[in-house]
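# Per-entry structural report
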Amino acid sequence: MAEPSASKAHLALATMRREHGRLSSAIDRLAEARSALDGLIEVNQSYLADSHTDPTPSRVP
């Protein structure tokens, strides 16, 4: 098997860097979405906890 040429290696490196950036961006967006969902879960749990102890639960913004 022949070794790849330098130009093919440079092209592969550019492709890998582009994919790395794309995947990093996707991971960041997923982490932000997970964080937002965690916040909504906490609000919901607080609401449910209040509704079990207080017949008139406070409104959550």
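The structure we're discussing is the one just above.
Our subject in this report is the structure included herewith. Fair warning: this is a prediction, and the values are worked out from it, not measured in the lab.

## Thoughts on the overall build of the protein chain
Of regular secondary structure, the protein chain possesses one helix and zero strands. In the protein chain, buried positions account for 0% of the 61 residues. As displayed, the protein chain offers around 5,700 Å² of accessible surface, 61% of which is attributable to carbon and sulfur atoms.

## Overview of a nonpolar patch on the surface
Together, L37, L40 and I41 give the surface a local cluster of nonpolar side chains, amounting to about 290 Å² of exposed area. The topology assignment puts L40 in helix α1 (residues 6-53). A residue is classified by how much of its surface remains accessible, and L40, at 58% relative accessible area, is exposed.

Each value, and the rule that gives it
- Here the residue index of a chain counts from 1 through its sequence in written order.
- Whole-chain, interface and lining totals are the exception, using all residues; otherwise, since this is a predicted model, local features are given only for residues with pLDDT of at least 70 and side-chain atom pairs are given and counted only at 80 or more.
- Values shown for side chains rest on all heavy atoms present in the structure; no hydrogens or waters enter the calculation.
- Under the scheme used here, helices are H or I runs from DSSP no shorter than 4 residues and strands are E runs no shorter than 2 residues, and both carry numbers assigned from the N terminus.
- A 1.4 Å probe rolled over the protein chains alone gives each residue an accessible area, and that area as a share of the maximum for its type sets the label: buried under 20%, exposed over 50%, partly exposed in between.
- To be clear on the numbers: accessible area is Shrake-Rupley with a 1.4 Å probe, and residue cover counts the displayed protein chains and nothing else.
- For patch building, the residue pool is restricted to those with more than 30% relative accessible area and no salt bridge; the joining distance is 9 Å between like charges and 5 Å between nonpolar side chains (Val, Leu, Ile, Met, Phe, Trp, Tyr).
- A pair is scored as a salt bridge if a Lys or Arg side-chain nitrogen falls within 4 Å of a carboxyl oxygen belonging to Asp or Glu.

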